[in-house]
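# Survey of secondary and tertiary structure
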Amino acid sequence: KEHYKVIVLGGGSGGITMSARMKRKLGAENVAVVEPSEMHYYQPIWTLVGAGAKGVASSGRPTASVVPSGVKWVRSRVQEINPDTNTVRTGNGMEISYQYLIVALGLQLHYEKIKGLPEIEDWVKFKIGSNYSVQTVEKTWSALQNFKEGNAVFSFPNTPVKCAGAPQKIMYLTDAYLRKTGKRAKANVVYNTSLPVLFGVKKYADALWEIVKSRDIQVNLRQNLIEVRADKQEAVFENLDNPGETKVFEYEMLHVTPPMGPNPVVKGSLLADEAGWLDVNKETLQHNKYPNVFGIGDCTNLPTSKTAAAVAAQSSILDRTISQVLKNEKPDRKYDGYTSCPLVTNYNTVILAEFDYSGQPLETFPIDQSKERWTMYHMKADVMPHLYWHGLLKGFWGGPGPYRKIMHLGMK
Ligand code: FAD
Ligand code: UQ1
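Computed from a predicted model, the values in this text were never measured in an experiment.

By nearness alone, 33 residues border ligand 1, and S13, G14, E35, V78 and A309 come closest of all. Within the backbone of L105, one N or O atom sits 3.5 Å away from an oxygen atom of ligand 1. Here an oxygen atom of ligand 1 and a backbone polar atom of A309 are 2.8 Å apart. In isolation ligand 1 has 1000 Å² of accessible area, and contact with the protein removes 90% of it. Contributing elements (two or more residues each) for the shell around ligand 1: α1 (13–26), α6 (166–180) and α9 (308–326).

Attention shifts here to the side chain of H287. As for its position among the elements, H287 is in the loop between α8 (264–267) and β19 (293–295). Engagement of the side chain of H287 in a polar contact is seen with the backbone oxygen of L271, the distance being 2.9 Å. Engagement of the side chain of H287 in a polar contact is seen with the backbone oxygen of D279, the distance being 3.4 Å. When sequence neighbours within four positions are dropped, the list of residues in contact with H287 reads L271, L278, D279, V280, V293 and F294.

As a further point, take the packing of α1 against α9. Contact geometry for α1 and α9: axes closest at 10 Å, N-to-C directions at 35°. When you trace α1 past α9, the crossing you get is right-handed. Seen from α1, the contacting residues are S13, G14, T17, M18, R21, M22, K25 and L26; seen from α9, they are V311, S315, S316, L318, D319, I322, S323 and L326. When its residues are assigned to classes, the contact of α1 with α9 shows seven nonpolar, six polar and three charged.

Thresholds applied
Residues numbered from 1 in each chain as written. Chains lettered and ligands numbered in written order. Predicted model: local features only at pLDDT ≥ 70, side-chain atom pairs only at ≥ 80, totals over all residues. Heavy atoms only, no water. Near = heavy atom within 4 Å. Polar contact = N/O pair within 3.5 Å; in protein donor to acceptor, adjacent residues only side chain to side chain. Areas by Shrake-Rupley, 256 points an atom, 1.4 Å probe, with all protein chains shown as cover. Helix = DSSP H or I, 4+ residues; strand = E, 2+ residues; numbered from the N terminus. Contact = heavy atoms within 4.5 Å. Axes fitted to C-alpha atoms, helices over the stretch in contact; angles between N-to-C directions. Left-handed = near helix turned anticlockwise from the far one by under 90°. Nonpolar A, V, L, I, M, F, W, Y, C, P; charged D, E, K, R; others polar.

Written as structure tokens, this is what we have:
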């Protein structure tokens, strides 16, 4: 039976980041990461891929190239976690034991929960796209290009999601594209969201409401996509405030944000909370029942918006927490819930939302970030990918916290 001092489950944003940090702390030979996928994806760029502003190839790199050298890559999926015996079982029949476990298994997409949604191969024919997976993101761009006239319909599910802004970013980009190509007069842009608000933080929601009004975009709250009748190009939404009441929207383009839920391996383990998310301390990221288990990212029950920006801020806290646990000290650095969402509002503008557990803005730059800015678009499109591949994944980027303090010196 193999044994490692630290096993990291999942080789996505959080898993590779923590592998790099654990290698630095403990030496590569003491660290293993379990990840079945041959490719690692930078998901945030899919917003721009779906709108035709970037190619999908730029979003992926081989997992082999992002696993830190010397760290053991177990090319298999985790089947079962047993925190009572400190072991995990993998799909290729291996049992591996650990002293410390870091869970970074992400969340699960549930396209299958939307009745009638056709096979992905047929999405182009049926004018459906979704920026949420590598298999479906280019279909969004096809639907945009094939648009002639009618409704462009966008959904937001009745579940927790990752990057809660992404379902509406593609809507703004669609509006912009249709204007650019002279088709906007023959289009209705319709955003149907399950939420009771346009965005969870008032400062940014106010700015976004101004934008949807000025661009003649129709927003319907508390509407949940439950069925697609692809052959008729109809999308069926349920009114969440009056269950059973449905409304049918004919569409010329449909962007689907799928329902999402906890990773099934986490949900089926002793590490899950009642809803199935990894049950961690919201300040230290240490598991609430198993002190040698830690969590990061989308798989956790941290009550903040699930983003790579949150993963960055969490990684520096978790690094510190683990150092202290290794020394039998009490963890003292506290995660404040920092998360960020670059709200792309056009092909050259972004509103950079940043906030914490309290839902209050926590902005890095000493300017009003609720304004649409081209500098922030440049940051999203051209700077962030480098910060991700060379900063975050190497364990050097722990979020903008320290820079925020410097940039606000003498300003507040
Ligand atoms: P992931 O990066 O998803 O990694 C989970 C990993 O676990 C995957 O590699 C998966 O293969 C692996 N895994 C799953 N099951 C198993 C198993 N059983 N065994 C082993 N491995 C397993 N964030 C931002 O900060 N800014 C943005 O602008 C932004 N935009 C986004 C736009 C879109 C369209 C999407 C989809 C996401 C966006 N995000 C954004 C969110 C960001 O990508 C995620 O929050 C982030 O990647 C979460 O990291 P993670 O490690 O928790 O999960
Ligand atoms: C961030 O740190 C991050 O992770 C690398 C993102 O994901 C791509 C982001 O979108 C953002 C906005 C941040 C925060 C960074 C700055 C400089 C505000």
